[in-house]
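A structural walkthrough
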Amino acid sequence: MSDVALRMEHVYKKFRKGETYNSLRDLLPALTGKMFRVQELSADDKREFWALQDISFEVKHGEALGIIGRNGAGKSTALKILSRIMRPTKGRMIVNGRLSALIEVTAGFHPDHTGRENIFLHGTILGMTRREIQSKLDQIIAFSGIEEFIDTPVKRYSSGMYARLGFSVAAHVDPEVMIVDEVLSVGDFVFQQRCMDRIRSIIKGGTTVLFVSHNLKAVTEICQRSMLLEHGKVLAIGETDAVAREYLHRGTNIDDTSDQSRPAYISKVCIRDHA
């Protein structure tokens, strides 16, 4: 059995801006063309843009890989391709094992159903059996911290309660591969720490984790290696501290040849005892 849990090989993803059809006459030929022939990718079409360009990387079983970069760099697009929400324009991806994606943690929730009912609904969407959900129901409810409102329709929940319940369900799927996209921003500080502890325990249990976050502290704590994306391209991949420094350096955009009026920044902080 291969020790590779997931891999992307020369993946490209192209989107079209403002693709609209004003009539059924225009829509039907367009749909037929997409179904029965492969359309050439035109470089002259200004409405098209590459969200991902030649993305290649692999993650081994039990490893945690961080993905960092600015908004619009292509991070979420890459994860959606890996989780099969989207198909790549070119290239291929391989996932070995049961996958759980914490991307849209409340996807599939029905607003008129209670929190308890949505646990069963959302868990089923994520691939859990009813028996699995029933066996973990008390853990999921306790983890969410909304026991008092679990039998209330979720349309009455705050956005934080909504997201906490979604994360709680997804975090108890026990997958072999887990994809996490900016879900640690939900809830208050205590709940965020609980999420971090849960992810650490999942990694210790041998689960492969792909972790996207703008919180570099969380990325460095969780991931041994990281990848830096910019404009849909891989700029760096390697040890997390080095990749994070590269990201910060590019963000500050400091010119070493400039004069002394350039902005100051903190490059490193050390805390030592009196010894």
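We now turn to the structure provided with this report. (Residues numbered from 1 in each chain as written. Predicted model: local features only at pLDDT ≥ 70, side-chain atom pairs only at ≥ 80, totals over all residues. Heavy atoms only, no water.)

Before going further, it helps to examine the nonpolar core. Within the largest apolar cluster, 43 residues are counted, with the highest numbers of intra-cluster contacts made by Ile119, Leu165, Val209, Phe211 and Ile222. Looking at which element gives the most residues to this core, the answer is helix H6 (residues 189-204), with 6 residues. When near neighbours in sequence (up to four residues on either side) are disregarded, Leu165 contacts Phe109, Gly115, Ile119, Ser144, Ile146, Ile150, Val154 and Tyr157. Core analysis: the second largest hydrophobic core is formed by 25 residues, Leu65, Leu82, Ile103 and Val177 among them. (Core = buried A, V, L, I, M, F, W, Y, C linked by side-chain atoms within 4.5 Å. Buried < 20%, exposed > 50% of the residue type's maximum accessible area, 1.4 Å probe, protein only. Helix = DSSP H or I, 4+ residues; strand = E, 2+ residues; numbered from the N terminus. Contact = heavy atoms within 4.5 Å.)

Here the focus is the environment of His214. Examined against the element boundaries, His214 turns out to sit in the loop between strand S7 (208-212) and helix H7 (216-222). Note on His214: relative accessible area 37%, which makes it partly exposed. Sequence spacing of His214 and Glu182 is 32 residues, and the spatial spacing of their C-alpha atoms is 7.5 Å. With sequence-adjacent residues up to four places away left out, His214 is seen in contact with Gly69, Arg70, Asn71, Lys75, Glu182 and Tyr247. At 2.9 Å, the side chain of His214 forms a polar contact with the side chain of Asn71. (Polar contact = N/O pair within 3.5 Å; in protein donor to acceptor, adjacent residues only side chain to side chain.)

Let us look at the sheet that holds strand S1 (residues 4-16). Read across the sheet, 3 strands follow the order S2-S1-S4 without closing on themselves; strand pairing throughout is antiparallel. Strands at the two margins of the open sheet, each flanked by one partner only, are strand S2 (48-60) and strand S4 (90-95). Here the average twist between neighbouring strands, direction ignored, is 15°. Two strands pair when backbone bridges link them, and S1 and S2 are joined in this way by 9 bridges, in the antiparallel orientation. Following the sheet pairing, Arg7 is matched in S2 by Glu58. Here helix H2 (residues 75-82) sits on the sheet and contacts S1, S2 and S4; the angle it forms with S1, its principal contact strand, is near 120°. (Pairing = 2+ DSSP bridges. Axes fitted to C-alpha atoms, helices over the stretch in contact; angles between N-to-C directions.)

Turning next to the packing of aromatic side chains. Inspection of the entire model under this criterion finds 6 aromatic pairs. Residues Phe109 and Tyr162 carry aromatic rings whose centres are separated by 5.3 Å and whose planes lie at 65° to one another, so their mutual orientation is edge-to-face. In this pair, Phe109 sits in the loop between strand S5 (99-102) and helix H3 (115-125) while Tyr162 sits in helix H5 (residues 159-170), placing the two residues 53 residues apart along the sequence. In this structure Phe109 comes out as buried when scored by relative accessible area, which is 9%. Chaining the aromatic ring pairs together yields one cluster made of Phe143, Phe167 and Phe191. Against the face of Tyr12 rests Lys90, its NZ or CZ located 4.5 Å from the ring centre. Sitting above the plane of the Phe143 ring, Arg194 keeps its charged end 5.9 Å from the centroid. (Phe/Tyr/Trp six-rings, centres within 6.5 Å; stacked < 30°, edge-to-face > 60°. Lys NZ or Arg CZ within 6 Å of the ring centre and 35° of its normal.)

Glancing now at the packing of H3 against helix H4 (residues 130-144). The geometry of H3 relative to H4 is characterised by a closest axis approach of 10 Å and an angle of 130° between their N-to-C directions. Relative to H4, the element H3 is oriented oblique. Handedness of the H3/H4 crossing: right-handed. For the pair H3 and H4, contact is made by Arg116, Ile119, Phe120, Gly123 and Thr124 and by Arg130, Ile133, Gln134, Leu137, Ile140 and Ile141, respectively. (Parallel < 35°, antiparallel > 145°, perpendicular 65-115°, else oblique. Left-handed = near helix turned anticlockwise from the far one by under 90°.)

Turning to the environment of Ile119, a few remarks are in order. Position of Ile119 among the secondary structure elements: in helix H3. Through-space distance from the C-alpha of Ile119 to that of Leu137 is 7.9 Å; in sequence the pair is 18 residues apart.

As a further point, take the sheet that holds strand S6 (residues 177-181). In sheet architecture, strand pairing relies on hydrogen bonds along the backbone and comes in two forms, parallel and antiparallel. With respect to topology, 6 strands assemble into an open sheet ordered S5-S6-S7-S3-S8-S9, the strand pairing being mixed. Each having just a single partner strand, S5 and strand S9 (233-239) make up the two edges of the open sheet. Across this sheet, the average inter-strand angle for adjacent strands is 15°, counted without regard to direction. Strand direction decides the pairing type here: strand S3 (residues 64-68) and strand S8 (residues 225-230), joined by 4 bridges, are parallel. Within the sheet, the bridge partner assigned to Gly66 lies in S8 and is Ser226. Lying on the sheet, H6 is in contact with S3, S6 and S7; it crosses S7 at an angle near 145°.

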